[in-house]
Amino acid sequence: CGVSPMAAEQSQLVAGDYTGSLGPLQLRLHFKAAADGSLSCTFDSPDQGANGLACAEVRRDGASLSFTVPVVHGSWKGTVDADGRALAGTWNQGRPMPLSFARDTFVPAIKPSAIDGFWLGTLHAGSESLRIQITVRSDASGHEECSLDSLDQHASGLPCANATFAAPHFSFDVPVVKGHWGGNLAAGGNKLTGTWSQGAALPLEFDREQSSQTAPAIRYDSALPPVTVTNLENVLRQDFERAHAFESGILAPSTGIGVSVGIIDHHARSVFAYGAARPDSLFEIGSITKTFTGLILAQMVEQGKFKLDEPVRELLPAGRVAKPSGQEITLLDIATQHSGLPRMPDNFHPADPQNPYADYHAADLYAFIAKHGVERPSHPGFLYSNLGFGLLGQALADRAAMPYPELLRKEVTGPLGMQDTTVALSAAQQSRFLTAHSSNRKPAHAWDLDAMAGAGAIRSTASDMLTYLTAQLHPESSVRSSESADETPEAKTLAAAISASHQLHEDGPPGTRIALAWMYIPELDQYWHNGATGGYNAIALFNPKADRAVVVLVNMENGAPEGSAEQIAQHIVQRLDGKPAISLAP
């Protein structure tokens, strides 16, 4: 059957870019119309550092328009005016709020500049290979505008600033990720050669493309009756088989890649694995480490060693950092990602890009902080900072007068009996530590973190992580049941510290709040944090009301859907709830 001319015309009317605001937040919508008349869109909240959030269930029926944004559990429903210039409706993310959009009024130049168009390149950062796309356009006054898409990280529409073209030189900033690109347009006008700087400086070349590339649309598998924990292993195996994961995907025997899963649902507990993984396999958990650092902070506060609002400077060695004239960055600011500190320090220059954090030591961290300073911005918003949590972990270790791995053992993993959760592996643990893999399924180097340990150094198993998540769901009973619960002062404060680490303090990414490192989705009463290194990706989540927790560990950097821990976890929760499940097929 053919495409309805009216449907195609309606879609073309909506296609384009729109801007709106929800309270103080500036928002953007980007609609694209396909040849069959269907619409797709992405959603940006640049003030919260969230761009390119994929829409789903985009429906247009006459003047009516609606879509959902699954990753933030939000939906919009409203109407389109007759000429497609305005969208009036309601945003619902737990409670309805008026939200209208107006079409972007950008007026293009009559004659495009030599730099205008779509450009695609690949950034090789350690073991990662990331496709980077920029879209450049010039307006009627001759000013350049651009946006950046990191296609493999599903981040789209990151706004540029200070885009300047003075032939042949072109440069721009991407403030939300603290990045800068500068280089030259080659003779012929079809190649850009230059350098991307985001802490370290890396070569990044772009080739001109005829059209933009987009991330694949979200697909869902049909709903099943709610699956029990007992049956989940088999159901998930069937879903992986349907996605050809064992045949030609990442879980094929030749890849060496595996997935380890842990589930708690109303006290029913199960750990299972697929591919190269076994239930006791060890993985890097990346930034989930930040929740342990947040818990160490809560522990030391419970023990009366300092307060949450204490300046981080006061925990560092004396004389390392000057006291600022204004307000200071506090421990709480860092733990809630509201410190204003950049994502990474600018003196981060890895000797080995395959193991980039190994040679970044405390002296380097102190040198950066001394130069940058610790004055708190007047209105710091949410800005995810690995540097911040590296600094927090180092500051806590300084105050405790012991290395971070030892402090982790003393305050958290020892009291909880988590024998397989550590920074440095024993020989026996090393034999169970799965080899890292890049997104193209090639073996990669594991990461060793020193001064940045508090941001992402921990290795663990699904079973140990379920012990950790059980303690999040039931602090008092979990700590009492651990063998050492009455043996140390740290065990005695741990239950209260866990509860304190759940207290919500600030807004996180769109539709979320943040506790001490843990992100929180109010609509679902769900805490979560993900993690990724050069060869692993992971997620841990827990829902107190549902008495449920999920951990997924994968020994491959984020790439294919069947290898995305976050997507697998979302699929699992949807299967447990009997809802359509996000597809694991590539």
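Starting from 1, residues in each chain are numbered consecutively following that chain's sequence as written. Since the coordinates come from a predicted model, pLDDT governs what is reported: local features require at least 70, and pairs of side-chain atoms require 80 or more to be given and counted, while whole-chain, interface and lining totals use all residues. Working from all heavy atoms in the structure, the side-chain values ignore hydrogens and water.

Asker: How should helix α7 (residues 404–416) be read in this particular structure?
Answerer: Along an α-helix, a turn takes 3.6 residues, which lines up residues three or four apart on a common side. Secondary structure elements follow DSSP: runs of H or I of four or more residues count as helices, runs of E of two or more count as strands, with numbering from the N terminus. Expected helix span is taken as 1.5 Å per residue step, with the number of steps being one fewer than the number of residues. For α7, built from 13 residues, the straight-helix expectation of 18 Å at 1.5 Å per residue is met to within 8% by its first-to-last C-alpha distance of 17 Å. Of all the bends in α7, the greatest, near 45 degrees, is centred on Lys410. Burial status follows relative accessibility: with a 1.4 Å probe on protein chains alone, a residue under 20% of its type maximum counts as buried, one over 50% as exposed, and anything between as partly exposed. Of the positions making up α7, those classed as buried are Tyr404, Leu407, Leu408, Glu411, Val412, Thr413, Pro415 and Leu416. Backbone geometry just after α7 places Gly417 at a positive phi near 70 degrees. Two axes enter the definition of the bend at a residue: one is fitted to the seven residues ending there, the other to the seven starting there, and the bend is the angle between them.

Asker: Before we go on, may I ask you to explain the environment of Ala166 in this structure?
Answerer: One can find Ala166 in strand β14 (residues 161–166). In sequence terms Ala166 and Ile115 are 51 residues apart; their C-alpha atoms lie 9.8 Å from each other.

Asker: What exactly am I supposed to notice about the sheet that holds strand β5 (residues 56–61) here?
Answerer: Through backbone hydrogen bonds, the strands of a sheet pair up, either in parallel or in antiparallel fashion. Pairing between two strands requires that DSSP report at least two bridges joining them. The antiparallel open sheet is built from nine strands, whose spatial order is β4-β3-β2-β1-β9-β8-β7-β6-β5. Sheet topology places β4 (50–54) and β5 at the edges, where each strand pairs with a single neighbour. Going from strand to strand, the sheet's axes swing by 20 degrees on average, the running direction of each strand aside. Sheet analysis places strand β1 (residues 16–22) next to strand β9 (residues 96–103), joined by three bridges and oriented antiparallel. Note on β9: the bridge partner recorded for Gly20 is Phe101. To obtain each axis, a line is fitted to C-alpha atoms, and for helices this fit is confined to the stretch in contact; angles are then taken between N-to-C directions over 0 to 180 degrees.

Asker: I tried to follow helix α12 (residues 489–501) on my own but got confused; where do I start?
Answerer: Taking 1.5 Å per residue, 13 residues should reach 18 Å; α12 reaches 18 Å between its end C-alpha atoms and fits that length. For α12, the complete set of buried residues consists of Glu490, Ala491, Thr493, Leu494, Ala495, Ala497, Ile498 and Ser501.

Asker: What am I meant to see in the packing of aromatic side chains here?
Answerer: For any pair of aromatic rings, the description consists of the separation of the ring centres together with the inter-plane angle of the planes. We call Phe, Tyr and Trp rings a pair once their centres come within 6.5 Å, taking the six-membered ring for Trp, and we label the pair stacked below 30 degrees between planes, edge-to-face above 60, and tilted otherwise. By the definition in use, this model includes 23 aromatic pairs. On the basis of an interplanar angle of 10 degrees and a centroid distance of 3.9 Å, the ring pair of Phe292 and Tyr468 is categorised as stacked. Taken together, the positions of Phe292 in helix α3 (residues 289–302) and Tyr468 in helix α10 (residues 462–473) put the pair 176 residues apart, joining distant regions of the chain. Each member of the pair, Phe292 as well as Tyr468, carries the same accessibility label: buried. Aromatic pair Tyr468 and Trp518: ring centres 6.3 Å apart, planes at 25 degrees, arrangement stacked. Of this pair, Tyr468 sits in helix α10 while Trp518 sits in the loop between β27 (513–514) and β28 (519–521); the two residues are 50 residues apart in sequence, bridging distant segments of the chain. In this structure, Tyr468 and Trp518 share a single accessibility class: buried. Three or more aromatic residues joined by ring pairs make a cluster, and in this case those are Phe292, Tyr468, Trp518, Tyr520, Tyr527 and Phe542.

Asker: Would you mind going over the sheet that holds β28 with me for this structure?
Answerer: Spatial ordering of the open sheet is given by β21-β20-β31-β30-β29-β28-β27-β26, a layout of eight strands whose pairing is antiparallel. Edge strands, defined here as strands with exactly one partner in the open sheet, are β21 (268–275) and β26 (506–507). Two elements, β28 and strand β29 (residues 526–532), share three bridges in a ladder whose sense is antiparallel. Opposite Tyr520, over in β29, you have Tyr527 as the bridge partner. In what follows, a contact means two residues having at least one pair of non-hydrogen atoms within 4.5 Å. Strands in contact with helix α2 (residues 229–242) are β20 (258–265) and β21; relative to β21, the strand with the most contacts, it is inclined by about 25 degrees. Contacting β20, β29, β30 (537–543) and β31 (548–554), helix α13 (residues 565–577) crosses the sheet at an angle of about 145 degrees to β31.

Asker: How do you make sense of the confidence of the model for the chain when you look at a structure like this?
Answerer: Caution is warranted with low-pLDDT regions, since their predicted coordinates should not be read in detail. As a per-residue measure, pLDDT tells how confident the predictor is, with possible values from 0 to 100. Averaged over all residues, the pLDDT of the chain is 89; the fraction at 70 or higher stands at 93%. With pLDDT under 50 throughout, residues 1–6 is counted as low confidence; its partners more than four residues away or in other chains account for four contacts.

Asker: I'm lost on the state of the cysteines in this one. Help?
Answerer: Disulfides are covalent bonds that link the sulfur atoms of two cysteine residues. Only a pair of cysteine sulfur atoms within 2.5 Å qualifies as a disulfide here. If you walk through the whole model with that rule in mind, you get two disulfides. Covalent S-S linkage joins Cys146 and Cys160, the inter-sulfur distance amounting to 2.1 Å. Between Cys146 and Cys160, the disulfide has an S-S torsion of -110 degrees and is therefore left-handed. Pair noted here: Cys146 is in strand β12 (residues 144–150) and Cys160 is in the loop between β13 (155–159) and β14, with a separation of 14 residues, a long-range link.

Asker: Is there a simple way to think about the packing of α3 against helix α6 (residues 386–400) in this case?
Answerer: Helix-helix packing is characterised by the crossing angle of the two axes and by the distance between the axes. Relative to each other, α3 and α6 sit at 40 degrees, their axes nearing to 10 Å. Like other packed secondary-structure pairs, α3 and α6 cross with a definite hand, here left-handed. Counted together, Lys290, Thr293, Gly294, Ile296, Leu297 and Met300 of α3 and Asn386, Phe389, Leu392, Gly393, Leu396, Arg399 and Ala400 of α6 form the full contact between these two elements. Crossing handedness is defined as follows: a turn of the near helix away from the far one that is anticlockwise and smaller than a right angle gives a left-handed crossing, while the clockwise case is right-handed.

Asker: Can you help me understand the packing of α3 against α10 in this one?
Answerer: Running from amino to carboxyl end, α3 crosses α10 at an angle of 45 degrees, the nearest separation of the two axes being 13 Å. In terms of orientation, α3 and α10 fall into the oblique class. Read as a crossing pair, α3 and α10 show a hand that is left-handed. Two secondary-structure elements touch here, α3 through Thr291, Phe292 and Leu295 and α10 through Met465, Tyr468 and Gln472. Residue polarity is assigned by list, with Asp, Glu, Lys and Arg as charged and Ala, Val, Leu, Ile, Met, Phe, Trp, Tyr, Cys and Pro as nonpolar; anything else, Gly included, falls into the polar class. Its residues placed into classes, the contact of α3 with α10 shows four nonpolar, two polar and no charged. For classification purposes, angles smaller than 35 degrees are called roughly parallel, those larger than 145 roughly antiparallel, those between 65 and 115 roughly perpendicular, and all remaining angles oblique.

Asker: Can you walk me through the nonpolar core in this structure?
Answerer: A general feature of soluble globular proteins is that nonpolar side chains tend to end up buried together. Each nonpolar core is a collection of buried residues, namely Ala, Val, Leu, Ile, Met, Phe, Trp, Tyr and Cys, held together in the definition by side-chain atoms within 4.5 Å. In terms of nonpolar packing, the biggest core is built from 86 residues, with Phe292, Leu396 and Tyr468 touching the most fellow members. The residues contacting Tyr468, other than those within four sequence positions of it, are Thr291, Phe292, Leu295, Val412, Leu416, Met418 and Trp518. One finds Ala243, Val259, Val550 and Ala569 within the second-largest nonpolar core, a separate group that totals 35 residues.

Asker: Can you walk me through unusual backbone geometry in this structure?
Answerer: Peptide bonds are mostly trans, and most non-glycine residues show a negative phi. Across the junction of Ala167 and Pro168, the peptide omega takes the value 5 degrees, indicating a cis bond. With respect to the element layout, Pro168 can be found in the loop between β14 and β15 (169–174). Positive phi, close to 75 degrees, is recorded for His267, a residue that is not glycine. Within the secondary structure, His267 sits in the loop between β20 and β21. The phi torsion at Gln337 lies on the positive side, around 60 degrees, for a residue other than glycine. Looking at the secondary structure, you find Gln337 in the loop between α4 (331–335) and α5 (362–372).

Asker: How do you make sense of the pattern of salt bridges when you look at a structure like this?
Answerer: Two side chains bearing opposite charge may form a pair once their charged atoms approach each other closely. Any Lys or Arg side-chain nitrogen found within 4 Å of a carboxyl oxygen on Asp or Glu counts as a salt bridge. Going through the model one piece at a time under the given rule, you end up with 23 salt bridges. Note that Lys191 and Glu205 form a salt bridge whose closest N and O atoms lie 3.9 Å from each other. One end of the pair, Lys191, is in strand β17 (residues 191–198); the other, Glu205, is in strand β18 (residues 200–209), with 14 residues separating them in the sequence. Accessibility expressed as a relative area gives 41% for Glu205, which makes it partly exposed. Notably, a salt bridge pairs Lys305 with Glu411, separated by 3.8 Å at the nearest N-O pair. Of the two residues, Lys305 sits in the loop between α3 and α4 while Glu411 sits in helix α7, which places them 106 residues apart along the sequence. Note on Glu411: relative accessible area 0%, which makes it buried. Through salt bridges with shared partners, a single ionic network connects Arg313, Glu314, Lys323 and Glu328.

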